[in-house]
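Observations on chain architecture
Each chain, letter by letter, is given below.
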Amino acid sequence: MRPEIAELTARARPAEALPDAMPPPARWQQKRPGEPLGNAHYLARQSGFESNARTYPRKLPIAIRRAEGIHVEDADGRLYIDCLAGAGALTLGHYHPVVVEAVQRAVADGVPWQTLDLTTPVKDAFVEELFGSLPKAFTESARIQFCGPSGADAIEAAIKLVKTATGRRSVLAFHGAYHGMTHGALGLTGETGPKLAVAGLMAEVHFLPFPYAYRCPFNLGGEATWQASIAYIERLLDDTNSGIAPPAGMILEAVQGEGGVIPAPDQWLREIRRITREREIPLIIDEVQTGVGRTGLMYAFEHAGILPDVLVLSKAVGGGLPLSALVYRESLNLWQPGAHAGTFRGNQLAMAAGAATLRYVKEQRLDRHADAMGRRLLAHLQRIRQDSPQLGDVRGRGLMVGAEVVDLRAEADRLGARPPCREVARRIQRECLDRGMIIELGGRQGSVARFLPPLTVTENDIDRIAGIFGEAVRAAG
Ligand SMILES: Cc1ncc(COP(=O)(O)O)c(C=O)c1O
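Residues numbered from 1 in each chain as written. Predicted model: local features only at pLDDT ≥ 70, side-chain atom pairs only at ≥ 80, totals over all residues. Heavy atoms only, no water.

**Description of the site of the ligand**
To keep things clear, this is the line we draw: In these notes, residues near a molecule or strand are those with any non-hydrogen atom within 4 Å of it. Contacts described as polar in this section are N or O atom pairs within 3.5 Å, which, within protein, must combine one atom able to donate a hydrogen with one able to accept it, while residues neighboring in sequence count only if both atoms come from side chains. Put plainly, a pocket is an open set of points on a 1 Å grid over the protein atoms alone with protein on both sides within 12 Å along at least five of seven lines, a cavity is a set where a 1.4 Å probe fits but cannot get out, and a lining residue has an atom within 4 Å of a point. Here the criterion for a molecule occupying a pocket or cavity is that more than half of its atoms lie within 2 Å of the pocket grid points. For this scheme, ten residues count as nonpolar: Ala, Val, Leu, Ile, Met, Phe, Trp, Tyr, Cys and Pro. Four count as charged, namely Asp, Glu, Lys and Arg, and the remainder, Gly too, count as polar.
Surveying the vicinity of the ligand reveals the residues S150, G151, A152, Y178, H179, G180, E253, E258, D286, V288, Q289 and K315. Measuring from an oxygen atom of the ligand, one finds a backbone N or O atom of G151 at 2.8 Å. When atom positions are compared with the pocket grids, the ligand is found to occupy the largest pocket. Residue composition of the shell around the ligand, grouped by class: 3 nonpolar, 5 polar and 4 charged.

Okay, here's the thing in structure tokens:
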């Protein structure tokens, strides 16, 4: 065992012995000749030439040299368990053989790298695979629009699509939502911080209360949270004096990710579907982060047994390579030729990688695996929380798991929730990093420690992740 791994194992092992897990890739045993310079060198250069908007390097000050599976190695030669996985884009982890093989085959076959929206056998196969992963009742009369290449690009397209189809102008979004950082997508995002400096964001966006029971917008908590949200939304839509014109669409995440890992109750989603159907409001479900097995089913909307009118996909759907698309009901297909375009809509390597990923997730039932691994991680976190009241809440669905960090010095509200605590969350993230694990922060004031490991994570990996996290929480105080 390499010394770094031995150290990692020793530090991560809690009182009850954990099994040895996650040996690093064998080929990493050999140091490469001419080792590059260390983290400090690359970080100093990065802060010298990159924009002040950079985010991750401030919280995770490492330079990543190589990656495989769930491991990454930094430029100092330290190893980490990667629970960020490209913000959920790397469904099968780094360099999964299935993805590598698909990309290598495409290159060997001389597939063009990008083709605008011209068709190719690779694209055809991708669409076949993608539609095959979705409920038949949705795809039997669905269209696909490739957008390019980020999640936010697809959100922009979705808004244009429903505005064009309905002739209406306002859009309904939710508190805590995250839909991306482009001008329109930012307009639909809940967090006000990045919006304040940008004048003139998309007009006529109305924010509705998301069923976040831990910090209930109605101060009710429990089941009453989603019930009150539904009652409020339904009345608001039927109130001629609500100040909101009939909307072009409603957009939501079935599990809010960046917003702090908040799964919407299935009943709430079913009621939202009823309300939007009855009022002919196209329902846009943003599965950029939840899609392709992450929440325990192929798509998060399936938990509630509903269908969207517009489905937004990116991240995992390209097997970790840049790709995004909308799949939407035929009845919304009122775009004129050229109504939506863009150069990078035809990323063939991403389509090859995405098709292979979709196939593998389906064949290996990685959605079910994500469900089991997510439950295991949640059970660990519940146990850690018993001795660590600074974890106010732990929650998740499948392999979208979060622990909300609260301020123990402050009073609890009448539902028992103390205010979010960014400082302690950051310390926990840093303690995790020091122990060889990368986690993400999200939620109100960045107070939610988030776990988005690849779907290929093993039981032993999960036990190690929880072991390291428990230590980090204790060390952060
Ligand atoms: C739910 C959701 N929608 C949209 C986006 C934006 O995707 P991108 O960062 O690729 O623009 C994200 C990114 O995290 C997301 O989580």
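**Considering the side chain of D393**
Put simply, the rule reads: Runs of E in the DSSP output that reach at least two residues are strands. Runs of H or I that reach at least four are helices, and both are numbered from the N terminus. A 1.4 Å probe rolled over the protein chains alone gives each residue an accessible area, and that area as a share of the maximum for its type sets the label: buried under 20%, exposed over 50%, partly exposed in between. Note on contacts: a residue pair qualifies if any of its non-hydrogen atoms lie within 4.5 Å across the two residues.
With respect to the helices and strands, D393 occurs in strand β13 (residues 391-397). Here D393 falls in the buried class, since its relative accessible area comes to 17%. Within the structure, D393 has its side chain in polar contact with the side chain of R395 (distance 2.7 Å). Residues within four places of D393 in sequence aside, it is in contact with Y214, R385, G402, A403 and E404.

**So, the layout of surface pockets**
For the record, the criterion: Grid points are joined across faces, edges and corners, and a volume is the space filled by probe spheres set on the points. For the purposes of this description, domain bounds are those given by an automatic or database domain assignment.
Approximately 1400 Å³ is the volume found for the largest pocket. Lining the largest pocket are 46 residues, with Y56, Y178, M181, E191 and E258 sitting closest to its centre. Of all the elements in the fold, those that place two or more residues in the lining of the largest pocket are α3 (56-59), α7 (151-166), α13 (422-434) and β16 (440-442). For the lining of the largest pocket, a count of residues per class yields 15 nonpolar, 20 polar and 11 charged. Counting contributing residues per domain, the lining of the largest pocket is built from domain 1 (3-95 + 366-476) and domain 2 (111-364), each supplying no fewer than three.

**Here we look at the packing of aromatic side chains**
The criterion, for reference: Ring geometry is summarised as follows: Phe, Tyr and Trp rings, the Trp one being its six-membered ring, pair when their centres sit within 6.5 Å, and such pairs are stacked at plane angles under 30 degrees, edge-to-face over 60 and tilted between the two.
All told, the structure shown has 8 aromatic pairs when counted by the stated rule. Consider the rings of F210 and W268, whose centres lie 5.2 Å apart with planes at 65°: the pair is edge-to-face. Here F210 is found in the loop between β6 (205-208) and α9 (223-238), whereas its partner W268 is found in helix α10 (residues 266-278), with 58 residues between them in sequence. You can call W268 buried: its relative accessible area is 0%. Measuring from centroid to centroid gives 6.1 Å for Y299 and F301, while their planes differ by 15°, and the two rings are stacked. Since its relative accessible area comes to 0%, F301 is described here as buried. Through successive ring pairs, a cluster of aromatic residues spans F174, F210 and W268.

Without other data, these values stay purely geometric and don't point to any function.
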